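As a plain string of letters, each chain reads:
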Amino acid sequence: MRSHPSRAAPRSDPARKAPSLIDSRPTDTGPVLHADDVDVVRDGNHLLRSVSLQVHPGQHWALLGANGAGKTTLLNLLGAINHPTRGSVTVLGHRLGRVDMRQLRSYVGHINPRHPLRSPLRVRDVVLTGVTNTTELVPRWQPTPQQADQADRLISTLGMSEKAQARWETLSQGERGRTLIARALMPVPRLLLLDEPATGLDLAAREQLLTSLDDLRAEHPQLATVLVTHHLEELPASTTHAMLLRDGQCLASGEVDEVITTDHISKCFDHPVRITRTDGRWHARA
Ligand SMILES: Nc1ncnc2c1ncn2[C@@H]1O[C@H](COP(=O)(O)OP(=O)(O)OP(=O)(O)O)[C@@H](O)[C@H]1O
């Protein structure tokens, strides 16, 4: 199926806010993301080869693969950070190469666990930087009352209300992760990209993060997400689809129960594992 450009042009001012938390109006029935037969070549190496993916509103994709399989390379295409060498990528109805990538990026909630914040901002301020799509607070910029309310609502949804005034450098990794998800949701994105959001979290922090993601998805049925991980245990139960990458190529892609199988995962990681699913969550045993 071909994607078609959205008629809704990006807002010219990313600091302007829509009233609702996440735009759940069915404004566009086309895919949120469409990568069509994509190659990425760097220094003569194929990092991705003939990869295709379509993500529709309400779908929650897991992108799985061993170290170096090409997951982050693909996520960076989907987040309008890089162009493909061959093939086309359409993000929120806008084809890369025909659109201002910086502007398009401001409509995608892309969570980078290595958030390069330098100043000692408080949680609430970090979340508010999502409005301006900047790492630091913009000098003399003030949130509108609606933006401030929205930040508080998101902080509460992500279970961070008690830490709203805590400074970034004092936060645990799990608290930072949840703060960054709240920040990414400030521009009312239809698409959330998460690159290994559970890395380095202890058991409780991981479980809290996954529960927050499940809640968020239930609350906003039109939101689409793509989550990169190596670990099946880090997949929220609300995952609907999966793509397995191996050596830059797609090994399997589609509905999650057809893709995350003992056979596919053993091939993907080149190691015999047995996959079980209990209470919606996955486990891998050698
Ligand atoms: N600019 C580049 N030039 C050459 N090779 C690159 C470049 N960027 C990434 N690579 C290589 O491409 C491959 C895929 O990298 P990528 O980061 O997408 O993998 P990944 O699946 O996210 O891995 P990991 O799970 O280890 O994070 C790796 O072998 C990496 O070394």
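Within any chain, residue numbers begin from 1 and follow the written order of that chain's sequence. Two thresholds apply to this predicted model, a pLDDT of at least 70 for residue-level local features and 80 or more for giving and counting side-chain atom pairs, whereas whole-chain, interface and lining totals are computed over all residues.

As recorded in an unreviewed UniProt entry, the protein goes by the name Iron complex transport system ATP-binding protein, listed as coming from Saccharopolyspora antimicrobica.

Another aspect to go through is the overall build of the protein. Under the scheme used here, helices are H or I runs from DSSP no shorter than 4 residues and strands are E runs no shorter than 2 residues, and both carry numbers assigned from the N terminus. Check the secondary structure of the protein and you find 8 helices and 12 strands. Exposed residues have 12 or fewer other C-beta atoms within 10 Å of their own C-beta, buried residues have 20 or more, and residues in between are partly exposed; the C-beta atoms are placed from the backbone. Within the protein, the fraction of its 286 residues that count as buried is 41%.

Our next topic: the site of the ligand. Close to the ligand lie 13 residues; R42, N67, G68, T72 and T73 are nearest. At the level of elements, β2 (45-55) and α1 (71-78) are the ones that each hand at least two residues to the shell around the ligand. Top contributing element to the shell around the ligand by residue count: α1, with 3 residues. Broken down by class, the residue content of the shell around the ligand amounts to 2 nonpolar, 8 polar and 3 charged. By definition, a residue lies near a molecule or strand when the C-beta atom built from its backbone is within 6 Å of it. Note that Gly is not counted as nonpolar here; it falls among the polar residues with everything else outside the nonpolar set of Ala, Val, Leu, Ile, Met, Phe, Trp, Tyr, Cys and Pro and the charged set of Asp, Glu, Lys and Arg.

According to UniProt, the feature "domain: ABC transporter" (unreviewed entry) maps to residues 33-272 in the numbering used here. This span, residues 33-272, is 32% helix and 26% strand, and a straight line between its end C-alpha atoms measures 32 Å. UniProt positions are given in the numbering used here, feature names are shortened, and annotations may be inferred rather than shown by experiment.

Our next topic: helix α4 (residues 145-157). A helix's residues, less one, multiplied by 1.5 Å, set its expected span. With 13 residues, α4 should cover 18 Å at 1.5 Å per step; its first-to-last C-alpha distance of 18 Å lies within 8% of that length. Residues Q150, A151, L154 and I155 constitute the buried set of α4. Looking down the long axis of α4, one finds its buried residues gathered within 135° of arc, a one-sided arrangement. Opposite the buried face of α4, by more than 90 degrees, sit the exposed residues P145, Q146 and D149. Those residues of α4 hidden inside the fold are in contact with α3 (123-132) and α5 (173-185). This arc describes the spread of directions from the helix axis toward the C-beta atoms. Here, residue contact means that the backbone-derived C-beta atoms of the two residues sit within 7 Å.

To count as a nonpolar core, a set of buried Ala, Val, Leu, Ile, Met, Phe, Trp, Tyr and Cys residues must be joined through C-beta atoms within 7 Å. The biggest cluster of nonpolar side chains holds 64 residues, and the ones touching the most others in it are L63, L78, V127 and L193. Summarising the domain contributions, this core has at least three residues from each of domain 1 (30-107 + 190-251) and domain 2 (118-188). Beyond its immediate stretch of four places on either side in the chain, L78 contacts L33, A35, V91, L193 and V226. For every domain, the bounds stem from an assignment made automatically or drawn from a database.

Packing of α3 against α4 brings their axes to within 10 Å, and their N-to-C directions diverge by 120°. Taken together, the axes of α3 and α4 lie oblique to each other. Here α3 runs over α4; the crossing is right-handed. Packed against α3, whose contacting residues are V123, R124, V127, L128 and V131, the element α4 presents Q147, A151, L154 and I155 at the interface. Split by residue class, the contact of α3 with α4 holds 7 nonpolar, 1 polar and 1 charged. All axes are obtained by fitting lines to C-alpha atoms, using only the stretch in contact for helices, and the reported angles, taken between N-to-C directions, cover 0 to 180 degrees. Here the word oblique covers every angle except those under 35 degrees (roughly parallel), over 145 (roughly antiparallel) and from 65 to 115 (roughly perpendicular). By the definition used in this description, the sense in which the near helix is turned from the far one sets the handedness, with an anticlockwise turn below a right angle giving left-handed and a clockwise turn giving right-handed.

A few words now on the environment of A284. Here A284 is to be found in strand β12 (residues 281-285). C-alpha separation for the pair A284 and V228, spaced 56 residues apart in sequence, amounts to 17 Å. The residues touching A284, leaving out its near neighbours within four places in the chain, are L232, I265, V273 and I275.

This brings us to unusual backbone geometry. Glycine aside, negative phi is the norm for most residues, and most peptide bonds take the trans geometry. The backbone of N133 sits at a positive phi, close to 55°, despite the residue not being glycine. Within the secondary structure layout, N133 lies in the loop between α3 and α4. Positive phi values are uncommon outside glycine, yet E196 reaches one of about 45°. Tracing the chain through its elements places E196 in the loop between β7 (191-195) and α6 (203-219).

With respect to the helices and strands, the residue S266 is situated in helix α8 (residues 262-268). We classify S266 as partly exposed; it has 16 C-beta atoms within 10 Å. Between the alpha carbons of S266 and T134 there is a distance of 41 Å; along the sequence they are 132 residues apart. Once residues within four sequence positions are removed from consideration, S266 is found in contact with H271, P272 and V273.

With that out of the way, let us pick up the sheet that holds strand β3 (residues 60-64). Pairing between strands requires that DSSP locate at least two bridges from one strand to the other. With mixed pairing, 6 strands are arranged side by side in an open sheet as β6-β7-β8-β3-β9-β10. Of all strands in the sheet, those bounded by a partner on one side alone are β6 (108-111) and β10 (249-255). Strand-to-strand twist across the sheet, computed as the mean angle between neighbouring axes with direction ignored, equals 15°. Examined bridge by bridge, β3 and strand β9 (residues 241-246) share 4 bridges and lie parallel to one another. Bridge pairing links W61 to H241 in β9. Here α5 sits on the sheet in contact with β6 and β7, set at roughly 165° to β6.

Right, let's get into the domain arrangement of the protein. Partitioning the protein into structural domains gives domain 1 (30-107 + 190-251) and domain 2 (118-188). Centre-to-centre separation of domain 1 and domain 2, based on C-alpha positions: 23 Å. Each side of the interface is counted separately: domain 1 has 12 residues, and domain 2 has 12 residues. Here the side of domain 1 that touches domain 2 takes 6 residues from α6, the largest share from any one element.

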